[in-house]
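Geometric and topological summary
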Amino acid sequence: MSTKTIAGISRPGTPHFVGDGFRVHNFIPGTSTMQEMDPFIMLDYNSRYSFAPSEIPRGVGVHPHKGFETVTIAYRGKVEHADSTGSGGVINEGDVQWMTAAKGILHKEFHEKEWSKKGGDFQMVQLWVNLPARYKKSDPKYQNLRNTDMQKVALPGNGGEIEIIAGEYNGHKGSASTFSPINVFNAKLKKGAEATFNFPAHYTTAILLVEGSAKVNGTDIVPQDHFAMFNRDGETFTIEAVEDAVVLVLSGEPLQEPIAAHGPFVMNTRQELVEAFDEFNQGKFGYLED
Ligand code: MN
């Protein structure tokens, strides 16, 4: 097997607010296109940020999604959500919400009420995963992946662990069900520990330094809050923690289907986008109270 090398390292750009509750740096599409990042179509990163206490929870009100999945990974703080299928709940620290919008959903995302009253450090990732064309019109669903239920693989010598959100690491499988081959891990590495990752060369692969900094393939330093994209040149790479680190590792097989995207709708053709807007305007995504 040959080494998968780093193509580029991006620093966190100027943050913007999504609603009033998510202060994010956009890494995908960022400097790449959706096609280059296929099947990952968006990644917003709320780097560690302290929110003042608020009696009225901050967040994003009712809005639609269609044609893909939203994956919310909570590192610090808590998010409360509700959607037009009647699902809802709280994403606690360490938990992941994997929501399949598919044929269309309305939802809202706010800081959890009690957390909001106290305020504090908030840190979160929202990743959008594209759906293969044949699943874009399937029913919405929702997976609540609790941290306590996640598969964790210990590294030798108390070096930390690989938390598997989706996909497979060294023969251990994560609990999320996905519509195409996707790996999403949190590599929680102690200072000096090293982990090796293997993915097919043609997969789209990237890492985000959520905590601490790391050295990739023994040479490239990726600082905290930076995002590194890999080339499609090999299968294997190593991550060594320069200090205690949490590294979000993403790798997925490209769908290689046409993308027609506008705002919260990601379809395959222009015509399907027009249909998505029509359906939304006609109330076909259901109803959700503000
Ligand atoms: Mn949303």
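Values in this document were obtained by computation on a predicted structure and should not be read as measured data.

**Some remarks on the nonpolar core**
- One finds Leu-43, Trp-98 and Val-184 to be the most contacted residues of the largest nonpolar core, which totals 29 residues.
- The contact partners of Leu-43, leaving out residues within four places of it in the chain, are His-25, Asn-26, Phe-27, Ile-28, Val-125, Gln-126, Leu-127, Leu-208, Phe-227 and Leu-250.
- The next biggest cluster of nonpolar side chains, apart from the first, holds 25 residues, and it includes Ala-228, Phe-237, Ile-239 and Val-249.

**Overview of the packing of aromatic side chains**
- If you walk through the whole model with that rule in mind, you get 22 aromatic pairs.
- Centre to centre, the rings of Tyr-169 and Phe-197 are 5.4 Å apart; their planes meet at 55°, and the pair counts as tilted. In this pair, Tyr-169 sits in strand E15 (residues 168–169) while Phe-197 sits in strand E18 (residues 194–198), placing the two residues 28 residues apart along the sequence.
- For Tyr-169, a relative accessible area of 5% translates into the label buried.
- Take Phe-197: its relative accessible area is 1%, and that puts it in the buried class.
- Of the aromatic side chains, those joined through ring pairs into one cluster are Phe-17, Phe-22, Tyr-49, Phe-51, Trp-115 and Phe-122.

**Re the sheet that holds E18**
- Taken together, the 4 strands give an open sheet; going across it, the order is E18-E23-E20-E21, and neighbouring strands pair in antiparallel fashion. Two strands bound the open sheet, and with one partner strand each, they are E18 and strand E21 (220–222). The mean inter-strand angle of the sheet, taken between neighbouring strand axes irrespective of direction, is 25°.
- Where E18 meets strand E23 (residues 236–241), 5 bridges bridge the pair, whose relative direction is antiparallel. From the neighbouring strand, Thr-196 faces E23, where its bridge partner is Thr-238.

**Quick word on the coordination of the manganese ion**
- The protein atoms donating to the manganese ion are His-63 (NE2), His-65 (NE2), His-107 (NE2) and Glu-109 (OE), with metal-donor distances spanning 2.1 to 2.4 Å.
- When the donor residues of the manganese ion are listed from N- to C-terminus, their spacing reads H-x1-H-x41-H-x1-E. Within this pair, whereas His-63 is found in strand E5 (residues 59–65), its partner Glu-109 is found in strand E10 (residues 105–111), the two being separated by 46 residues in sequence.
- Here Glu-109 falls in the buried class, since its relative accessible area comes to 8%.

**Side note on the pairing of strand E8 (residues 88–91)**
- Strand direction decides the pairing type here: strand E7 (residues 79–83) and E8, joined by 4 bridges, are antiparallel. Bridge pairing links Val-79 to Ile-91 in E8.
- The turn joining E7 and E8, which pair antiparallel and follow one another in sequence, is formed by 4 residues; a positive phi near 100° is taken by Gly-86.

**A few points about the layout of surface pockets**
- The calculated volume of the largest pocket comes to roughly 230 Å³.
- If you trace the largest pocket, you find 19 residues lining it, with Val-18, Phe-22, Asp-44, Glu-109 and Gln-126 closest to the centre.
- Taken together, the elements giving at least two residues each to the lining of the largest pocket come down to strand E3 (22–28), strand E4 (40–51), E5 and strand E11 (120–130).
- Tallied by class, residues from the lining of the largest pocket come to 11 nonpolar, 6 polar and 2 charged.
- Taken as a whole, the second largest pocket holds about 170 Å³ of empty space.

**Description of the environment of Leu-250**
- Among the structural elements, Leu-250 can be located in strand E24 (residues 245–252).
- Owing to a relative accessible area of 1%, Leu-250 belongs among the buried residues under this scheme.
- Discounting chain neighbours no more than four positions away, the residues touching Leu-250 are Phe-40, Leu-43, Leu-127, Asn-183, Val-184, Thr-204, Thr-205 and Ala-206.

**Brief notes about the pairing of E4**
- Among the 12 residues that make up E4, 9 are buried, leaving the element largely enclosed by the rest of the structure.
- With 3 bridges connecting them, E3 and E4 associate as antiparallel partners. By the bridge assignment for E4, Asn-26 is matched with Asp-44.
- Alignment of E4 against E11, held across 9 bridges, turns out to be antiparallel. Looking at E11, one finds that Asp-44 is bridged to Gln-126.

**With respect to the sheet that holds E5**
- On the basis of which strands lie adjacent, the open sheet formed by 4 strands has the order E5-E10-E7-E8 and antiparallel pairing. Strands at the two margins of the open sheet, each flanked by one partner only, are E5 and E8. Ignoring which end each strand starts from, the neighbouring axes of this sheet average 20° apart.

**Let's talk about the side chain of Asp-225**
- Looking at where Asp-225 falls in the secondary structure, it is placed in the loop between E21 and strand E22 (227–230).
- For Asp-225, which is buried and forms no salt bridge, the nearest opposite charge comes from Arg-76, at a distance of 8.0 Å.
- Side chain to side chain, Asp-225 and Tyr-45 meet in a polar contact 2.6 Å long.
- If we ignore the near neighbours within four places in the chain, the residues touching Asp-225 are Pro-12, Phe-27, Tyr-45, Ser-47, Gln-123, Leu-208, Leu-209 and Val-210.

Parameters at a glance
Residues numbered from 1 in each chain as written. Predicted model: local features only at pLDDT ≥ 70, side-chain atom pairs only at ≥ 80, totals over all residues. Heavy atoms only, no water. Core = buried A, V, L, I, M, F, W, Y, C linked by side-chain atoms within 4.5 Å. Buried < 20%, exposed > 50% of the residue type's maximum accessible area, 1.4 Å probe, protein only. Contact = heavy atoms within 4.5 Å. Phe/Tyr/Trp six-rings, centres within 6.5 Å; stacked < 30°, edge-to-face > 60°. Helix = DSSP H or I, 4+ residues; strand = E, 2+ residues; numbered from the N terminus. Pairing = 2+ DSSP bridges. Axes fitted to C-alpha atoms, helices over the stretch in contact; angles between N-to-C directions. Donors = N, O, S within 2.8 Å, 3.2 Å for Na, K, Ca; no water. 1 Å grid on protein atoms, 1.4 Å probe; cavity = no way out; pocket = protein on both sides within 12 Å on 5 of 7 lines; lining within 4 Å. Points joined across faces, edges and corners; volume = space filled by probe spheres on them. Nonpolar A, V, L, I, M, F, W, Y, C, P; charged D, E, K, R; others polar. Lys, Arg positive; Asp, Glu negative; His and termini not counted. Salt bridge = Lys/Arg side-chain N within 4 Å of Asp/Glu carboxyl O. Polar contact = N/O pair within 3.5 Å; in protein donor to acceptor, adjacent residues only side chain to side chain.

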